[in-house]
Amino acid sequence: MVDVTAKAETHRVARAAGEIRMLPATLELIRSGSAKKGDVLGVARIAAIQAAKRTSELIPLCHPLPITRVAVDFEIDAGTNSVRCTAQVETFGRTGVEMEALTAVQVGMLTVYDMCKAADRGMVMERIRVLEKHGGKSGDWVAP
């Protein structure tokens, strides 16, 4: 692990996003709430929040962080037959929360896949990325 002992504790924020593309019928199952396994986006939101909190258990050499806030949103896009997941994670600490935000997004989309795979095994997760980060020595960064 990187030694962060000398770093200042600051308010740190990271926002990440990704999309999962699917068949129109699968998107309708999600939108209508009629998927066999239940409320897809509700369960995916809880999974994403849990994943952010457990990132250090999943990613080797990732610092365990005292997360102060996790917000996860899903947006249905009928035009592209996709669901967009956005996660914002915050802490007051010595290292950033980019990995926690990315993990939240990915696990949220994996949960969507798991809950809908009986209807559509060809779903594609894509465009997973950090959108912005704030705080720390390196300051603010926003994706171009």
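Nothing here was measured: the structure is a model prediction, and the numbers come from that model. Counting restarts for each chain, with residues numbered from 1 along the sequence as it is written. With the structure being a predicted model, the display of local features is reserved for residues of pLDDT at least 70 and the display and counting of side-chain atom pairs for 80 or more, all residues being used for whole-chain, interface and lining totals. Calculated side-chain values reflect all of the structure's heavy atoms, with hydrogen atoms and water omitted.

> Sorry if this is basic, but what is going on with helix H1 (residues 24-32) here?
Helical periodicity: at 3.6 residues per turn, an α-helix aligns residues three or four positions apart in one direction. Type-normalised accessible area, obtained with a 1.4 Å probe on protein chains alone, sets the label of each residue: buried when under 20%, exposed when over 50%, and partly exposed for intermediate values. Elements are defined by DSSP. Helices are runs of H or I of four residues or more, strands are runs of E of two residues or more, and each kind is numbered from the N terminus. Among the residues making up H1, those that are buried are Thr26, Leu27 and Ile30. The buried residues of H1 occupy an angular sector of 100° when the element is viewed end-on, so they sit on one face. In H1, the exposed positions angled more than 90 degrees off the buried face are occupied by Ala25 and Arg31. Whether two residues are in contact is decided by their heavy atoms, any of which lying within 4.5 Å being enough. Where the residues of H1 are buried, they touch helix H2 (40-53), strand E2 (67-77), strand E3 (82-93) and helix H4 (98-116). To be clear, the arc concerns the directions from the helix axis to the C-beta atoms.

> Just checking my understanding: could you explain the nonpolar core for this structure?
Within soluble globular proteins, side chains that are nonpolar tend to cluster in buried spots. Counting residues in hydrophobic clusters, the biggest one holds 27 residues, and the most contacted among them are Met22, Ile30, Val40, Phe74, Val83 and Val112. Only strand E1 (10-21), H1, H2, E2, E3 and H4 provide two or more residues apiece to this core. It is H4 that contributes the most residues to this core, 7 residues altogether. Not counting chain neighbours up to four residues away, the residues in contact with Val112 comprise Ile20, Met22, Ile30, Val40, Leu41, Ala44, Phe74 and Met123. Each nonpolar core is a collection of buried residues, namely Ala, Val, Leu, Ile, Met, Phe, Trp, Tyr and Cys, held together in the definition by side-chain atoms within 4.5 Å.

> Please explain the pattern of salt bridges as it appears in this structure.
Working definition: two side chains of opposite charge can pair if their charged atoms are close together. Salt bridge, as used here, is a side-chain nitrogen of Lys or Arg placed within 4 Å of a carboxyl oxygen of Asp or Glu. Summed over the entire model, instances satisfying the criterion amount to 9 salt bridges. For Arg94, the salt bridge goes to Glu9, with nearest N and O atoms at 3.8 Å. On the criterion of sequence distance, the pair formed by Arg94 in the loop between E3 and H4 and Glu9 in the segment before E1 is long-range, its members being 85 residues apart. A residue is classified by how much of its surface remains accessible, and Arg94, at 35% relative accessible area, is partly exposed.

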